[in-house]
Every structure is written in C-alpha cells, then in structure tokens.
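Observations on chain architecture
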Amino acid sequence: MSKTILKAEDITMQFGGVVAVNNFSMEVHEGEIVALIGPNGAGKTTAFNVITGVYAPTNGAVYFDEQMIISNYPQGKMKKMYAGENEGKYTKKIEKTPDQITKLGVARTFQNIRLFKSLTVFDNVLIAKHMRSKANVFSATFRLNAKEEKKNREETRKLLEIVGLLDVQNEIASSLPYGKQRHLEIARALATEPKLLLLDEPAAGMNPQETDELTAFIKRVKEQFGLTVFMIEHHMDLVMEISDRIYVLDFGKPIASGTPDEIQNNKRVIEAYLGVPEDE
Amino acid sequence: MNMKKTTKTICTLIAAAAFIVLLVFLESNKNKYGMAVTVLQKGFILAVVAVSMNLLNGFTGLFSLGQAGFMALGAYTYAIFTIPVESRASVYYISGMNPVLAGIELPMLVALVAAGLMAAAFAAVIGFPVLRLKSDYLAIATLGFSEIIRALIASPQMDTITNGSYGLKSIPAASIYVVVGLCIICIAIMALLINSSFGRAFKAIREDEIAAEAMGINLLKHKELAFVISSFFAGIGGGLLAMFMRSIDSSTFKIAMTYDILLIVVIGGMGSITGSVLSALLVTASKEWWLRFFDEPLTIAGVNIPLFRNGFRMVIFSILLMVVVLFYRRGIMGTSEFSWEGLTGLIKSIPSRVTSLFHKKEGAAR
Ligand SMILES: Nc1ncnc2c1ncn2[C@@H]1O[C@H](COP(=O)(O)OP(=O)(O)O)[C@@H](O)[C@H]1O
Ligand SMILES: [Mg+2]
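The structure presented is a predicted model; accordingly, all values stated were derived computationally and were not measured.

Summing up its helical and strand segments, chain B has 16 helices and 2 strands in all. Relative to the compact-globule value of 21 Å for 366 residues, chain B shows a C-alpha radius of gyration of 23 Å, a close match. Evaluated residue by residue, chain B yields a buried proportion of 48% over its 366 residues. Relative to all contacts within chain B whose residues are 6 or more apart in sequence, the contacts with residues 24 or more apart total 78%. By element, 70% of the accessible surface of chain B is carried by carbon and sulfur atoms, the whole surface being about 17500 Å². Placing the 29 positive and 19 negative side-chain charges of chain B at their respective mean positions leaves the two points 8 Å apart.

What follows is the structure, encoded as structure tokens:
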C-alpha cells in the first residue's frame, strides 16, 4: 500500500455543548480518491475545517506527510464540558494556521463557493501564486521580481487553459455561471500546487450532466497533477464511481468505512440515509 | 472600445506635458493665481493621504480612522527636523528646544522619510495586537490613537519637542514643483504596490478572508503590512502638509481631518486610486475656492441675500456631498481606474445621454 499522506486521529470538535465531530479517525493514501459522506449536519464540513486549520479541534491530532500539523486536548472551560472520548491521550497543542497548511500542500474548496468575487478569473488564480513568491514587498512594488511575475502569469494562463476557463479569463468571477464558478474554485486550489486536494461538495447544485462533467474533470486533473483527493459529496453516483474508499459520518460519529461496494451494502449506512432523498 | 497603445502613450505624454506647462505657468504667476497654486498643492497632498487610506479601507478591507494621527506624527517629525537651527530659539521661545534635538537639522528628503518612518513605527506597534481582532476594533483603536497623539503633541510636557499648543513655524518653504512632484511619486509608488503581487493579496483579503487564508496568504502579516505602509504614506502626507503650510499646530490634525480624507475616498470610490486623486483635487477646489462666493455677502437688486455669509459655503459643500453619496453610492470611479478609453467613451456617450434625457422629459410631459 502506498504512503499515508493524511491521517486524522480521534478528532473531536465540540462547539459549546454541541459535538459536531465525535472521535473521527481516518487516513488517505497517496494517489487515492477518498470520499466522506453522511447526512446533512453530520459534521463533514467541520471535519474539513479541522484538517485545514480553520478550527482547532477539541481533542485529537492531524498528520500530513507524516508531520503532526494539528494536535489539541480539552483545555480551560472545555475541560469540564468535554463530552468526547480519548481524553488524556493528547497532551500537545499544535495549531498550524490555514495558510501554513496550504503551503505544506493541502488545498481546498468550499461548500458555499468562496471566490474573490469582484476580481477577474485570471486574478483569482494568480493570487494563489503569491504564497510561493520569493519577492518581498519592496522588490514586488518596484518590479524587481518581473521574471517571477511573468512566470506566474504564464503558469496561470496554462492552468486556465487546462481547466477550460481561458476564454473567460478577463471576466469578473461573480459573473460566471454557477458551474464555471465551481471549476474556477478548483483551478484556484490547483494553483497553490497541492499534493492533497479537499473538495467540499463540488457537485452541489449541479444537474446530472454537469455532475458527469465534473466527475470526468476531477479524474482528469487528479491524473494530470498527480493529486490525492479527499472529497465530501452528496451525489451518490459520483461518489460510487470515483472513490477508492469511503468514510461515513452520522451525527458526528464515524459509522462505516470501506470500498464503494461495502458501503452500498452496509446496513448502518442505509439506515442513516433512510428517508434522506437521494438528491440532497 | 480599443485604442492603440501608441495613441494612449501619446495622450498620456500630452497630458503630462500640459500639466507641467500648467505648473510652470502657475509658479511664474503665483501672485495672480494664488488660489489655484494653493488648491493644487493642498489637493495633491490630500490625495496622497486619501490614497494611503484607500490602500487600507478600499483595497485591503480594513477600516481604519487614524489618518489624522499618522499625519500629525509625520508633520511634527518633519517640522522638528527641518526648522533651521538658527530659527529654533524664536520658535521655541517659551521653553526652549530639547538639547538632544536642538542641534539636528536634516535635509528635506531625509526628514520626509523620517516622517513616514515615525508614523509607520507607531502603526506597527498598534497594529500588532489590534489586527488580530475583528476589523471593527481597528477603527476604534485608530480613532482613539489619533486623538491621543494630538493630545500628547499639545501637552505642556512635550513643550521642548513639539512646542505644545503653540505649534511650530518657520518650516522652510518648497516650490510647487517639489510639493506636487513628491506627491506624484508617493501616489505612483502606492499604485505600483497595489498592482503588485502584494496588492493582489490585499484585495484577496478584502474579498474573502477565509478564502485568502486558504490560498496561503498569511492574514496577520499582510494586514500589518498594509497598515504600516498606509501609515507610512499618511506620515509622509503630514510631512508634505507641514512643508506646504510652513507652520503647523495640533488643531490641524483633529478627527475632522480624518473625516475629510474619508469623504475624499468615498467620493472618489473605495478601491480606485485615480478616483481618490480626482476627488481630492475636486473636493479641495470646491471647499477652498469654487464655493468661496457663498461666503461673500451677496446683494441682488439692492437686497441683501441673508444666507450668504461666512460659513455658508460649508453648508453648500455638505449638501453637495450628500447628493454625491446618495446618487453615486460607489463614488465617482467606483473601483475602476481612469483610462483614455473610459474618457473617450464618456465623451462619445454624452450626445446620446443628453438626447435620452430629453426623451425622458418628453415622455414625462405626456
Ligand atoms: N462554527 C460553528 N459553531 C457552532 N456550531 C457549528 C459550527 N460549525 C458547525 N456547527 C454545527 O456542527 C454540525 C455539523 O455541521 P457541518 O459540519 O456543517 O455538517 P455537514 O457539512 O456534514 O452538513 C451542525 O450541527 C452545525 O450546526
Ligand atoms: Mg457541509
């Protein structure tokens, strides 16, 4: 089996009294496409937010590329309120910020698209190049980094061509149709040169045809950029077709994990989804 | 509408040449066109400060209200180091000048950079704790800071440095070329910054902090950077104001100054550099010059019109402001920048605009 690129251990995220994620462990191996599914409110996005450093978990640890990037344990007021498991197992507080985690090679998209709305498509992608720029504010202002800037623009253009957005490169991001906005968000994430791509419901709000296109698109960029993909998705067709493995969350708790076949026939999963319409 | 690059370059060169001719003309007829000379210099100085505020409020999405405080720091730093040593005894005639400072006189440009650095240093110190908090706190903290600075400058304990409430005078004069030229350089540097990779990162933060962070942009570092640079140029703006006015006192830098700058930014368009410059010139010209006659007593057919007296122009000015804010909510330029295409487009559209205006009227009459 190939190397583990992302590992979450005993993640618990408690907001006040609400345990949004409860003792969730998982791992993603290099080159895999892994899906995280579960009914609405199951804690999937929260799990993403923990992995990307948006929230510090209440308890647990996250490793990326074998390096511990996040670790926490119940502290302060939480000590008394803590309702999760594995208390005392973690004793370190390590909190990388989202930008540091992105620099390590984890890029993400958001469930509710978060583009730089009033900037152009081109600038949306070009901005992702800033973090790898070696120029300081002085050299950038006085254009002493012209070479690097040119290279970044060239790469941005190439990337837009690959994702099929070159013809709209000068449009304002918010003026794009919804489906293209989703593609742009993925393109922008790719521009950070990630090893691991996290997608939060990339097909949300798409019709079956658009969903098919997106499925092909994800497969294609995964191969082309040598990525590992970890995605939250509701469209079961997409999930079953694309994933190597699947994790299932229900009310914050992991209830199953396995191959698409195993998950499709898992009793607890079927129960959890019972009464939840397919297209949600 | 597309214009050839050479055409645009020629337009720009002609405009620049015309501007230089205007400056030379004004400089050599100073006495006749005193008002124009004043308005042009003050307008450009306020433009520097307005662009510096826009850098923060319009481009980075951080709401700061400390511009007057940073200007005060810059103005006093500049004045203290440039008043000629031989004039200092007469300036600091009450308590004398602090012996450490009394012997130091700096060349104009060095003093101006020092003015910027002084403001930047203060900004770095307040920014570090405050920028971690939600952005509303920045407005409150900088507003408070600005008033504290003013109070400190005017306090008797500072007499040997700032000359307390007596203000500073005998600041060496500079020609209109120097003042306007330096202003243009400052604005150009800020424009270069805004169009650089860092400027794009600032805009990303303005658009969506969470997404910006997910793109690898360190929020605190970039906010601090924007805040320090903005304050640096506000400090330089203060220094330029001291250079232009030749005498300053702490009451120049009241909250009203920040308010004026904010209005310039809003009228010009949050997120437009050329908007801020245009607006600074227009606002200064109307406030100090074009609306002046409202302050003169007016007599029509032997009847004294009662409203026309000292201060009335400010009423008119405020009304104009309200009109602008109500009808052009995004300011003159919105977030766009001036371009020759935009200008020719505007001129070409005038006939159709005028006719459509008449058509509307006809329609309404029916
Ligand atoms: N910042 C927050 N503060 C309080 N509760 C939150 C916060 N974020 C998420 N939650 C709660 O956590 C639960 C899981 O939400 P979420 O992770 O968005 O679910 P999913 O993505 O699986 O639909 C919900 O009950 C939600 O209300
Ligand atoms: Mg979600």
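Next comes the rest of the write-up.
Mapping Gln169 of chain A onto the fold places it in the loop between α6 (146-162) and α7 (178-190). Classification of Gln169 of chain A by relative accessible area gives buried; the value is 19%.

Residues and elements named next belong to chain A. Across the sheet, which stays open at both edges, the 6 strands sit in the order β7-β8-β9-β3-β10-β11 with mixed pairing between neighbours. The outermost strands of the open sheet, each flanked by one partner alone, are β7 (106-108) and β11 (253-258). The mean angle between the axes of side-by-side strands here comes to 15°, regardless of whether they run parallel or antiparallel. Across the sheet, α7 is in contact with β7 and β8 (196-200); its angle to β8 comes to roughly 155°.

Now for the site of ligand 1. Residues and elements named next belong to chain A. Neighbouring ligand 1 are the residues Phe15, Ala20, Asn40, Gly41, Ala42, Gly43, Lys44, Thr45, Thr46 and Tyr55. In the model, an oxygen atom of ligand 1 is placed 2.8 Å from a nitrogen or oxygen of the Gly41 main chain. At a separation of 2.7 Å, an oxygen atom of ligand 1 approaches a polar side-chain atom of Thr45. Coverage of ligand 1 by the protein amounts to 62% of the 560 Å² it exposes when considered alone. Ranked by residue count, the leading element in the shell around ligand 1 is helix α1 (residues 44-51), at 3 residues. Of the residues that constitute the shell around ligand 1, the class distribution is 4 nonpolar, 5 polar and 1 charged.

Further remarks concern the domain arrangement of chain A. All names here are of chain A. Domain parsing of chain A yields domain 1 (1-98 + 199-210 + 228-280) and domain 2 (106-193). Each of domain 1 and domain 2 was reduced to a C-alpha centroid, and the two centroids are 28 Å apart. Counting residues at the interface gives 13 residues for domain 1, matched by 9 residues for domain 2. Taking both partners together, domain 1 and domain 2 bury about 1000 Å²; carbon and sulfur atoms supply 58% of that area. Among the residues domain 1 hides against domain 2, the three largest losses belong to Leu199, Asp200 and Met206. Together they make up 37% of the total. One can count 0 salt bridges joining domain 1 with domain 2. Taken together, the elements giving at least two residues each to the side of domain 1 that touches domain 2 come down to α1 and β8.

Right, let's talk about the confidence of the model for chain B for a bit. Per-residue confidence for chain B gives a mean pLDDT of 88, with 95% of residues at or over 70. Quick note on the complex model: pTM equals 0.90, ipTM equals 0.93.

Take the coordination of the magnesium ion (ligand 2) next. Only Thr45 of chain A (OG1) and Gln111 of chain A (OE1) from the protein reach the magnesium ion (ligand 2) as donors, at distances of 2.0 to 2.1 Å. A residue pair is termed long-range when its members are at least 10 positions apart, and Thr45 of chain A in helix α1 and Gln111 of chain A in the loop between β7 and α4 (121-127) qualify at 66 residues.

Evaluated as defined, the whole model comprises 11 aromatic pairs over all chains. Taken together, a centroid distance of 6.1 Å and an interplanar angle of 45° make the contact between Phe122 of chain B and Phe145 of chain B tilted. Within this pair, whereas Phe122 of chain B is found in helix α6 (residues 108-130), its partner Phe145 of chain B is found in helix α7 (residues 136-154), the two being separated by 23 residues in sequence. Every member of this aromatic cluster is reached through a ring pair, and the members are Phe70, Phe122, Phe145 and Phe227 of chain B. For the cation-ring pair, Arg114 of chain A lies above Phe110 of chain A, with the distance from its terminal atom to the ring centre recorded as 5.6 Å. The aromatic ring of Phe116 of chain A is capped on one face by Arg188 of chain A, whose charged end is 4.7 Å from the ring centroid.

This part covers the layout of surface pockets. Picture a little ball the size of a water molecule; that probe, rolled over the atoms, points out where space is still empty. Residues and elements named next belong to chain B. Reported here for the largest pocket is a volume of approximately 1800 Å³. Lining the largest pocket are 45 residues, and of these Thr274, Val277, Leu278, Glu337 and Phe338 lie nearest its centre. Elements supplying a minimum of two residues to the lining of the largest pocket: α1 (5-28), α2 (34-60), α9 (176-194), α10 (197-207), α14 (273-290) and α16 (340-365). Per-element accounting of the lining of the largest pocket gives the leading share, 9 residues, to α14. Classifying every residue of the lining of the largest pocket gives 32 nonpolar, 9 polar and 4 charged. The residues that make up the lining of the largest pocket include at least three from each of domain 1 (1-32) and domain 2 (35-335).

In terms of nonpolar packing, the biggest core is built from 96 residues, with Phe70, Tyr78, Leu168, Ile187, Leu240, Ile248 and Phe253 of chain B touching the most fellow members. With 15 residues, α2 of chain B is the largest single contributor of residues to this core. Setting aside residues no more than four positions away along its own chain, Leu168 of chain B makes contact with Tyr76, Ala79, Ile80, Ile83, Val91, Tyr92, Thr162, Asn163, Arg246, Ser247 and Ile248 of chain B. By size, the runner-up hydrophobic cluster in this structure holds 61 residues, among which are Ile33, Ala187, Met236 and Ile246 of chain A.

Quick look at the pattern of salt bridges now. Residues and elements named next belong to chain A. With the rule as written, the count across this model stands at 23 salt bridges over all chains. When the shortest N-O distance is used, the salt bridge between Lys89 and Asp10 registers 2.8 Å. With a gap of 79 residues between them, Lys89 in the loop between α2 (78-81) and β6 (94-95) and Asp10 in strand β1 (residues 4-15) connect regions that are remote in the sequence. For Lys89, a relative accessible area of 51% gives the class exposed. The class of Asp10 is buried, set by a relative accessible area of 8%. The salt bridge involving Lys93 is made with Glu95; its shortest N-O contact spans 2.9 Å. Ionic contacts of the salt-bridge type, sharing partners, join the residues Lys129, Arg132, Lys151, Glu155 and Glu193 into one network.

The rules we used
- Residues numbered from 1 in each chain as written.
- Chains lettered and ligands numbered in written order.
- Predicted model: local features only at pLDDT ≥ 70, side-chain atom pairs only at ≥ 80, totals over all residues.
- Heavy atoms only, no water.
- Helix = DSSP H or I, 4+ residues; strand = E, 2+ residues; numbered from the N terminus.
- Rg over C-alpha atoms; globule rule 2.2 N^0.38 Å.
- Buried < 20%, exposed > 50% of the residue type's maximum accessible area, 1.4 Å probe, protein only.
- Contact = heavy atoms within 4.5 Å.
- Areas by Shrake-Rupley, 256 points an atom, 1.4 Å probe, with all protein chains shown as cover.
- Lys, Arg positive; Asp, Glu negative; His and termini not counted.
- Charge placed at Lys NZ, Arg CZ, Asp CG, Glu CD.
- Pairing = 2+ DSSP bridges.
- Axes fitted to C-alpha atoms, helices over the stretch in contact; angles between N-to-C directions.
- Near = heavy atom within 4 Å.
- Polar contact = N/O pair within 3.5 Å; in protein donor to acceptor, adjacent residues only side chain to side chain.
- Nonpolar A, V, L, I, M, F, W, Y, C, P; charged D, E, K, R; others polar.
- Domains from an automatic or database assignment.
- Buried area = accessible area lost by both parts, 1.4 Å probe.
- Salt bridge = Lys/Arg side-chain N within 4 Å of Asp/Glu carboxyl O.
- pLDDT = per-residue confidence, 0-100.
- Donors = N, O, S within 2.8 Å, 3.2 Å for Na, K, Ca; no water.
- Phe/Tyr/Trp six-rings, centres within 6.5 Å; stacked < 30°, edge-to-face > 60°.
- Lys NZ or Arg CZ within 6 Å of the ring centre and 35° of its normal.
- 1 Å grid on protein atoms, 1.4 Å probe; cavity = no way out; pocket = protein on both sides within 12 Å on 5 of 7 lines; lining within 4 Å.
- Points joined across faces, edges and corners; volume = space filled by probe spheres on them.
- Core = buried A, V, L, I, M, F, W, Y, C linked by side-chain atoms within 4.5 Å.

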